[in-house]
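Letter by letter, the chains look like this.
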Amino acid sequence: MDLIYLLPGAFFAPVIHEWVKAMASTLQGDPTPRSQGFLSGNLFKYFEPIGFLMMLFFGGFGWGQPVPTAALHYKNRRKGTLITYIAPSLANLLLGIVSIAAVSLLAGEPLHAFLLVRITHVHVWTADAHWIIMMVLFAFAQCNILLALFNLIPVHPLDASKILQLFARPDTLVKLNHFEKPMQIALMLALVFGLVSFVFSPVWNAILRMVWLA
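Residues numbered from 1 in each chain as written. Predicted model: local features only at pLDDT ≥ 70, side-chain atom pairs only at ≥ 80, totals over all residues. Heavy atoms only, no water.

Another point: the pattern of salt bridges. Applying the stated criterion to the full structure yields three salt bridges. Two residues, K21 and E18, come together in a salt bridge whose shortest N-O distance is 3.1 Å. Of this pair, K21 and E18 both sit in helix α1 (residues 2-27), three residues apart, which is roughly one turn of that helix. Take E18: its relative accessible area is 4%, and that puts it in the buried class. R169 is paired through a salt bridge with D171; the nearest N and O atoms lie 2.9 Å apart. Through salt bridges with shared partners, a single ionic network connects E18, K21 and D159. (Salt bridge = Lys/Arg side-chain N within 4 Å of Asp/Glu carboxyl O. Helix = DSSP H or I, 4+ residues; strand = E, 2+ residues; numbered from the N terminus. Buried < 20%, exposed > 50% of the residue type's maximum accessible area, 1.4 Å probe, protein only.)

Take a probe with the size of a water molecule and roll it over the atoms, and the empty space left behind shows itself. Applying the stated rule across the entire model yields two cavities of 30 Å³ or more. Reported here for the largest cavity is a volume of approximately 50 Å³. If you go around the largest cavity, the residues you meet are A10, F11, P14, V15, Y46, F47, E48, F52, W63 and G64. With four residues, α1 is the single largest residue contributor to the lining of the largest cavity. Class assignment for the residues of the lining of the largest cavity results in eight nonpolar, one polar and one charged. Every residue lining the second largest cavity is listed: P14, H17, E18, G62, W63, G64, L147, N151, P157 and L158. It is α1 that provides the largest number of residues to the lining of the second largest cavity, a total of three residues. (1 Å grid on protein atoms, 1.4 Å probe; cavity = no way out; pocket = protein on both sides within 12 Å on 5 of 7 lines; lining within 4 Å. Points joined across faces, edges and corners; volume = space filled by probe spheres on them. Nonpolar A, V, L, I, M, F, W, Y, C, P; charged D, E, K, R; others polar.)

Take a look at the structure:
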């Protein structure tokens with residue numbers, strides 16, 4: 001049943017991420033996202049099947065359909081690129097923090113007590129609307145925060161790869177482009193074998209403890 005609770009977060013976290021990216025680039029004068037239909041209101045424009053399945057089965061590590069941007073339209077290419085590719089993760093992080101706070105208020109109990117009850121109920125469907133809302137919100141927080149952390153990895157199509165290009169030397173960029181596919185394969189293997197979760201799960205747990213209000 002954990003997958004059912006994850007569905008809203010797995011779908012909406014990447015949508016929010018890419019929509020913020022499209023809006024940030026557009027507000028800086030880039031017509032590309034709008035011309036490519038990414039500001040049409042069609043949420044499925046941001047849907048990427050493999051990235052969605054990754055989000056679902058790895059609890060927040062995945063991606064949406066990357067929004068095309070053109071930095072040549074920015075007044076300041078470096079500043080504009082930083083804003084465009086940092087803002088989405090900040091939005092995900094903020095939504096995740098707000099969702100954790102909301103769950104803690106709804107639960108009204110210490111974090112360790114909530115997590116213990118969650119473990120015993122996560123595999124059982126319940127008609128209790130209060131519990132369902134908490135579980136969905138908790139999964140939504142997890143998807144948003146882990147997606148933000150995941151984008152710190154400088155491998156295409158993740159956002160940090162675009163930021164890295166701003167500061168890399170031309171010869172380094174050539175090497176990065178040459179090794180793009182092997183790096184993507186390595187990232188997928190790291191996901192499958194739990195290395196990505198091993199690195200970022202402690203950060204998620206630390207954020208969870210810091211934000212939890214009860």
